[in-house]
Amino acid sequence: MKIPKLKLSFIVALLLTTIAFNPARAQDDKQLLGAGSSFDYPLFTKMFSSYKTSAGVEINYQSVGSGAGISQLTAKTVDFGASDAPMNGKQDSAISSPAIHIPVTAGAVVLSYNLPEVKAQLQFSPAVLADIFLGNITTWNDPKIAAINKGVTLPSLPILIAHRSDGSGTTNIFTTYLAKVSDAWKSKVGAGSAVNWPVGLGGKGNEGVAGLIKQTPGSVGYIELAYAIQNGMPYAKMQNKAGKWINPSIASVTAAANVAIPADSKVSLTNTDAADGYPISGFSWVIVYKEQNYNGRTKDRAASLVKLLTWMIHDGQKFSNDLNYAPLSAAAVKVGDAQLKSITYNGKAVL
């Protein structure tokens, strides 16, 4: 059978179509694409399911980590990225046009551990926590851990550190905290969404780190509070700046988040001054392009995105408490509303 020759014009058209293909543009305006934070995933799952029922808009969200979410937004393959760390200077310079950050929730990064014989809730001081993750404390019955957990029989198990292997806003919250409370950590490791870990094994996403902890006796790692609770995993109290031993909870995260919010919403909640605040808390943001007319996007698609984000910081907050996230403060909502009103299509406000 002789295969007919394709006309040159058809081949050129096919190539141009392939080159111009963009996942976001290929979707209709009733389906939005997002990617990023695994910290947010339990909350987003509930929010997006509810929004689809009420508004008829489907949100396809990939829990791939904050760094990957920002990368996909930079490549313009998603409508929004979600991150627990605001974009840094390098990321700002890589993006083609200005992006804005809308705070969507606040939560706690907790220290979860696998010590089946220990029934009491452990507690960590800033110094002890830094020494554990620096590899200076290597067994659970170390005198420094025992001194702040009086009455608890600690096993002689070696400590195995579980940390994130991907670019992660959860890592940014955790390492920013350690850099604030430990000069040794600040000089040797530093803070960021990805760092060179002194010790330990890496897992992808909150899910991966939680899996490592559950599978490995003697392990300890940092995960989002909702993951710990949903998986029945123990987590530690932390000593805050005021010297109090604080249990991670909605109330203690809300206390930490009671701060002045700058106009760009980029603020850290770690090592809070709040007497009752949990010290390893953080905001999470949805990040979008300020100008929405790009890659053939329609005005209706831009409007659909802005309506979703408006719903998330208002009506969507009702799902926070049950999933152990702190609802946004009035101040954070006010800043979020102002950011949303700055979103344009062809230079004109979408809202």
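K.L.:
Can you walk me through helix α10 (residues 205-215) in this structure?
P.N.:
Side chains that are three or four residues apart share a direction in an α-helix, a result of its 3.6 residues per turn. Within the span of α10, buried status applies to G205, N206, V209, A210, G211, L212 and I213. Considering only its buried residues, α10 is in contact with β4 (99-113), β6 (160-164), α8 (169-181), β7 (201-203), β8 (219-224) and α11 (225-230).

K.L.:
So what exactly am I meant to see when it comes to the confidence of the model for the protein here?
P.N.:
Interpretation of the predicted coordinates at a detailed level should be avoided for regions scoring low in pLDDT. On average, residues of the protein score 92 in pLDDT, and 92% of them are at 70 or above. Below a pLDDT of 50 lies the segment residues 1-26, which in the model reaches 16 contacts outside its immediate sequence neighbourhood of four places, other chains included.

K.L.:
Would you mind going over the sheet that holds strand β2 (residues 58-63) with me for this structure?
P.N.:
In any sheet, the strands associate via hydrogen bonds between backbone groups, in a parallel or an antiparallel arrangement. Strand order in this open sheet of 8 strands is β2-β1-β3-β11-β4-β8-β6-β7, and the pairing throughout is mixed. The sheet terminates laterally at β2 and β7, the two strands that pair on one side only. When strand polarity is set aside, the average angle formed by the axes of neighbouring strands in this sheet is 25 degrees. Bridging between β4 and strand β11 (residues 281-289) involves 9 bridges; their strand directions are antiparallel. Paired with A99 across the two strands is Y289, which belongs to β11. Seen against the sheet, helix α4 (residues 66-74) touches β1 (31-36), β2, β3 (80-83) and β11 and runs at an angle of roughly 160 degrees to β3. Of the strands in this sheet, β4, β6 and β8 are in contact with helix α6 (residues 126-134), which crosses β8 at around 110 degrees.

K.L.:
What should I look at first to understand the packing of helix α13 (residues 299-313) against helix α14 (residues 330-341) in this one?
P.N.:
For any two helices packed against each other, the geometry is given by the interaxial angle and the distance between the axes. The contact between α13 and α14 brings their axes to 10 Å, and the two run at 175 degrees. For the element pair α13 / α14, the angle class is roughly antiparallel. Across from V306, L309, T310 and I313 in α13, the residues of α14 making contact are V333, G336, D337 and L340. Of the residues belonging to the contact of α13 with α14, the class tally is 5 nonpolar, 2 polar and 1 charged.

What counts and what doesn't
Residues numbered from 1 in each chain as written. Predicted model: local features only at pLDDT ≥ 70, side-chain atom pairs only at ≥ 80, totals over all residues. Heavy atoms only, no water. Buried < 20%, exposed > 50% of the residue type's maximum accessible area, 1.4 Å probe, protein only. Helix = DSSP H or I, 4+ residues; strand = E, 2+ residues; numbered from the N terminus. Contact = heavy atoms within 4.5 Å. pLDDT = per-residue confidence, 0-100. Pairing = 2+ DSSP bridges. Axes fitted to C-alpha atoms, helices over the stretch in contact; angles between N-to-C directions. Parallel < 35°, antiparallel > 145°, perpendicular 65-115°, else oblique. Nonpolar A, V, L, I, M, F, W, Y, C, P; charged D, E, K, R; others polar.

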